[in-house]
Amino acid sequence: MIPAAFDYHRPTKVEDVIALLEEHGDDARVMAGGHSLIPMMKLRMADIPHLIDLQDVGGLGGISIESGRIKLGAMVTQHEIINHDGLASAAPILREAALQIADPQVRYMGTIGGNVANGDPGNDMPGLMQCIDAQIELIGPGGTRSVAARDYYEAAYMTDREDDEVLISISFAAPSGGHAYEKQKRKIGDYATAAAAVQLVKDDGKVASVSIAMTNLSDVPVWSEAAGAALVGTTCDSAAIKAAVSAMLADIDPSEDNRGPVAFKRHLAGIILSRAVTRAWDRA
Amino acid sequence: MNDMTPERDERAANLKGLGCSRKRVEDARFTQGKGNYVDDIKLPGMLHGDFVRSPYAHARVISVNKDAAMALPGVLAVLTAEDLSPLGLHWMPTLAGDKQMVLADGKVLFQGQEVAFVVAEDRYIAADAVELIEVEYEELPVLTDPFEALKSDVVLREDLAGQTEGAHGPRKHHNHIFTWEQGDEAATNQVMDNAEVVVTESMYYHRTHPCPLETCGSVASMDAVNGKLTLYGTFQAPHAIRTVVSLISGIEEHNIRVVSPDIGGGFGNKVGAYAGYVCSVVASIVTGRPVKWVEDRMENLMTTAFARDYWMTGKISATKEGKITGLHCQVTADHGGFDACADPTKFPAGFMNICTGSYDIPVAYLAVDGVYTNKAPGGVSYRCSFRVTEAVYFIERMIEVLAIELDMDAADLRRINFIKKEQFPYQSALGWEYDSGDYHRAWDKVMEAVDYEGLRKEQAERVEAFKRGETRTLMGIGLCHFTEIVGAGPVKNCDILGLGMFDSCEIRIHPTGSAIARLGTISQGQGHATTFAQILATEIGLPADSITIEEGDTDTAPYGLGTYGSRSTPVAGAATAMAGRKIRAKAQMIAAYLLEVHDNDVEFDVDRFVVKGAPERFKTMKEIAFASYNQAIPGLEPGLEAVSYYDPPNMTYPFGAYVCVMDIDVDTGVPEIRRFYALDDCGTRINPMIIEGQIHGGLTEAFAVALGQEIAYDKQGNVKNGTLMDFFLPTAWEVPNYETDHTVTPSPHHPIGAKGVGESPHVGGVPCFSNAVHDAFRPFGLKQTNMPHDHWRIWETANKLGLHD
């Protein structure tokens, strides 16, 4: 648990971050809260000769809610998400999910940007961002660009972000309707055995629209369009939920690990989704 | 003149002696971050060591190339087996009569085995140098299953080739270590053959790890000028370590000082000797500078002593009415690559022969076969006396299985078979003499406290509701009545490496009426500095707050065998009381002299000696202490000191009755502990608050082991749970609420009647949690499912029983 030697950079401007990334290429990585990267370095699974700490970089923090659009700076911590009153009422699913991430100590340091950018299939925020159809803003040598969370993840730890780009913010329309973030884990601090994010709009006693994303059940977060489609127009009765679960199961691809064999994970994914849908429906 | 003398009760209370919930004196430093652990020790010029470890579970080591590492600035040495062999230190003896490689000698036998030891100016350079060492391996077939190992042509221990006799008798196969038999096999089989009811069950008590918060480590400092070696380390038995170091290094024992500083939990993990200790000593001799080695969490989990890994098959016979007539137990014990179990020499399977439990079983037989595999060595007693968790788990599962066979309530079945109060001292079929117990009283108290009948009624209603589809949650009622065997032990049958398992206490009373007492034990969190002072306060009449307890420095403490197996209170606690009584005997003579009466005319009264029949005439212990230093008393030496080496006449047998009420979500496999009721009888209670803490801690480790904690291997011998992400260490969030209770049945042979308590909750807790899981599924036909009962295994149990659609 002793990392290899590295140079530590602590720039104050985004341009300087980009310059460092351009200069050092593959040898450099940016660090937000560090709670994924530092353990990887200590295990010597990540060798990073140039570590660029984003803590002092201006303009990467803050939560803004304007005319129905929510924007989170990359350096917003899970702790800030949990304790931001405006956010809790505008997008309560974020608070519900953040409270299920790690433990308070980690949430003081862990950031939304790091959680989303890293591409770890165990992280909770990527699936949630797909559920609420967030846009990810990246900056690189050529300026800024925006990519949908639903298009961002390619494989475990592989994303649409280029090596010389930095995730600077995440934005999305304030979600409407009922929500639920349901997660089963073995203990505090663990990644999900299975988790589901559901945002559901009810109209006239029926599901008007719904968005469903699953976490840690594939090497990327899984936004299941078909699962949502199975619910639209229904009264969220058990047959409809069953259909949604079947559709979701066609989209996930869990693998066996210490959390259990594939059969268990698939069964659990169905249970977790059913519970999330039921709760979102009740709240809608 | 005595108007100001406090009342007797008040004087007793001021002592804070036996029975007082005195706050722990250790906690001021621990809660303020002022503890002094091995890693806090920093000596001038100190170097740092780190290991190159094998990525393979079984491989030949073809070559080790140190060149690149030695070229790294700041690297002073790289040690391999080749470097240690001229000193004869490339292997070391184990506590179990086997030997173990210090550094890989031609091959490795488990993943993570030590191959080379790097010594560098700082910890970072050492870690970098480890990466630069090139080791060429040739992979060999891996054996992780002990049954397969006993059939395999693959020879794990080539060094033992041709040796058909091991430390504990004949070896049946090249991967076989020993067979240990207890009891009467023929008589047991005869009873089984003729029994009205016989039931057989097999169970696996999985491999796990004690995982103390502080990992293992040492700092060795060889003073080349004086020829003195000082060794600081995470040692649960510092004196034994000193003797071992002397025996294997050839350094005379008076030139070795071993110090155990504050220890952050041991739970058996810190009883044995590790390669890191030896390498730090050799490196200090080679470099002439102090050398520190402290392992990280993964090294601790993957390579230091594991616990359990017992495959147990039981056969129990009974009458139709449920009276048990016989017990048969066959164990295949996976010991890993070397036999490094920490057991008394004559007990290669520890006290597994306590497996008749709390029950009056007339005849029994136990056989344990130890087997080598490609796993880490160990087999220590994780928060239990030697292999007692395995024994209690075995019998408490067999009772449940028998109850199913007889279609009886498991609480009633236990009650029918408990050893009765009047049967103590009780001679068990497997050779132990239980000192005292009142099992029926404890059991009935618990059954009433939890409203057992009400719980069973609720459970039956829940099953009906489940069958009607109204709930997906089942309810389990876990029962356990355990009998521990602790306080090893009598020198006549208990030794470690030939060292008798007595323990010791040395007391010095200072002139102003305070004292220091030193013991051969070492606290790892048990609170010895608090409780031993309480024993003494009651014995010698000086306040506990005026008594310093010191342990762990072999230059000052009297010889003792250390702290594990709940032996400190039964053995060193007894020595403390006996040494205190020697002090009191001398104090009586001093008091008589000062009061100008005959020795027999004074008697002890809380904190003083009074003239019999004239309580206004007295001398306090404080006055007596001063007098011992300033009066020339005819026939008495000055000063007030005493030493006691206590060889216990028997073990002690704490017991307890536990109930766990659990709700299980059959769809997710998530168990919720609704209630946990723990009644413990540890004999005389020294500090109820510390007992309460011990019980909470032991139950929490039981909760962990029963519900998720394991060290598992894949087919290639890779450890699957080498970090705290996967190794279940519960936090306050997961831990259930505990209700504690007690009865007091003193040990008749212990000076103060105390039996020891630190491990009871773990021993009784594991089967109680596990039985709750089993009990939930009993109405659906479950007989046995192995621990750990984590979410997926519980789900799988439900799935196999057809409870999912």
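Note that the coordinates shown come from a computational prediction; the quantities given were computed from them, not determined experimentally.

## A short note on the overall build of chain A
- Helix and strand content of chain A: 12 helices and 14 strands.
- For 284 residues, the compact-globule formula gives about 19 Å, and the C-alpha radius of gyration of chain A, at 19 Å, lands near that figure.
- Along the three orthogonal principal directions, the C-alpha set of chain A runs to about 55 × 45 × 35 Å.
- For chain A, buried positions account for 54% of its 284 residues.
- Carbon together with sulfur atoms contributes 49% to the accessible area of chain A, which is approximately 11,400 Å² in total.
- A gap of 9 Å separates the mean positions of the 25 positive and 38 negative side-chain charges of chain A.

## Digging into the nonpolar core
Residue and element names in this part refer to chain B.
- F351, M352, V368, F676, F769 and F777 are the most contacted members of the largest nonpolar core, which totals 183 residues.
- No other element matches the 12 residues that helix α11 (residues 388-406) contributes to this core.
- Leave out the neighbours within four places in its chain, and M352 touches Y310, M312, C329, V331, L366, V368, F386, R387, E390, A391 and F394.
- By size, the runner-up hydrophobic cluster in this structure holds 45 residues, among which are L542, I549, I590 and I624.

## Things to note about the sheet that holds strand β2 (residues 59-65) of chain B
Residues and elements named next belong to chain B.
- Ordered by their spatial adjacency, 3 strands build an open sheet running β6-β2-β8, and the pairing between neighbours is antiparallel. The open sheet has two edge strands, β6 (107-108) and β8 (134-139), and neither has a second partner.
- The pairing of β2 with β6 spans 2 bridges and is antiparallel. Counterpart to A59 in the pairing with β6 is V108.

## Things to note about the domain arrangement of chain A
Residues and elements named next belong to chain A.
- Domain boundaries assigned for chain A yield domain 1 (7-53), domain 2 (63-173) and domain 3 (178-283).
- Of note, the centres of domain 1 and domain 2, computed from C-alpha atoms alone, are 19 Å apart.
- Counting residues at the interface gives 12 residues for domain 1 and 13 residues for domain 2.
- Among the residues of domain 1 in contact with domain 2, I18, A32 and H35 are the three that bury the most area, contributing 37% of the side total.
- In this structure, the connection of domain 1 to domain 2 is made through 0 residue pairs in polar contact (both at pLDDT 80 or more).
- Sorting elements by how many residues they give to the side of domain 1 that touches domain 2 places helix α1 (residues 14-24) first, with 5 residues.
- Broken down by class, the residue content of the side of domain 1 that touches domain 2 amounts to 6 nonpolar, 3 polar and 3 charged.

## Re the sheet that holds strand β5 (residues 69-73) of chain A
Residues and elements named next belong to chain A.
- The 5 strands lie next to each other as β4-β5-β10-β6-β7, forming an open sheet whose pairing is antiparallel. Strand pairing shows two members of the sheet lacking a second neighbour, β4 (63-66) and β7 (143-148), which therefore form its edges. Strand-to-strand, the axes of this sheet are offset by a mean angle of 20°, without reference to chain direction.
- As paired elements, strand β6 (residues 135-140) and strand β10 (residues 166-173) share 5 bridges and run antiparallel to each other. The partner of L138 across the bridge, within β10, is L167.

## Things to note about the pattern of salt bridges
All names here are of chain B.
- Overall, the coordinates contain 71 salt bridges over all chains when judged by the stated rule.
- Linking D309 and K375 is a salt bridge whose minimum nitrogen-to-oxygen distance equals 3.2 Å. Taken as a pair, D309 in strand β17 (residues 306-318) and K375 in the loop between β19 (364-372) and β20 (378-380) lie far apart in primary sequence, 66 residues in all.
- Salt-bridge contacts for E390 lead to R387; the nearest nitrogen and oxygen are separated by 2.8 Å.
- We classify E390 as buried; its relative accessible area is 1%.
- Assessed through its relative accessible area of 1%, R387 is described here as buried.

## Here we look at the side chain of R383 of chain B
Residue and element names in this part refer to chain B.
- Inspection of the secondary structure assignment puts R383 in the loop between β20 and α11.
- Among the polar contacts listed, one links the side chain of R383 to the side chain of Q694, at a separation of 2.8 Å.
- Only 3.0 Å separates the side chain of R383 from the backbone oxygen of G758, close enough to count as a polar contact.

Scoring rules and cut-offs
- Residues numbered from 1 in each chain as written.
- Chains lettered and ligands numbered in written order.
- Predicted model: local features only at pLDDT ≥ 70, side-chain atom pairs only at ≥ 80, totals over all residues.
- Heavy atoms only, no water.
- Helix = DSSP H or I, 4+ residues; strand = E, 2+ residues; numbered from the N terminus.
- Rg over C-alpha atoms; globule rule 2.2 N^0.38 Å.
- Buried < 20%, exposed > 50% of the residue type's maximum accessible area, 1.4 Å probe, protein only.
- Areas by Shrake-Rupley, 256 points an atom, 1.4 Å probe, with all protein chains shown as cover.
- Lys, Arg positive; Asp, Glu negative; His and termini not counted.
- Charge placed at Lys NZ, Arg CZ, Asp CG, Glu CD.
- Core = buried A, V, L, I, M, F, W, Y, C linked by side-chain atoms within 4.5 Å.
- Contact = heavy atoms within 4.5 Å.
- Pairing = 2+ DSSP bridges.
- Domains from an automatic or database assignment.
- Buried area = accessible area lost by both parts, 1.4 Å probe.
- Polar contact = N/O pair within 3.5 Å; in protein donor to acceptor, adjacent residues only side chain to side chain.
- Nonpolar A, V, L, I, M, F, W, Y, C, P; charged D, E, K, R; others polar.
- Axes fitted to C-alpha atoms, helices over the stretch in contact; angles between N-to-C directions.
- Salt bridge = Lys/Arg side-chain N within 4 Å of Asp/Glu carboxyl O.

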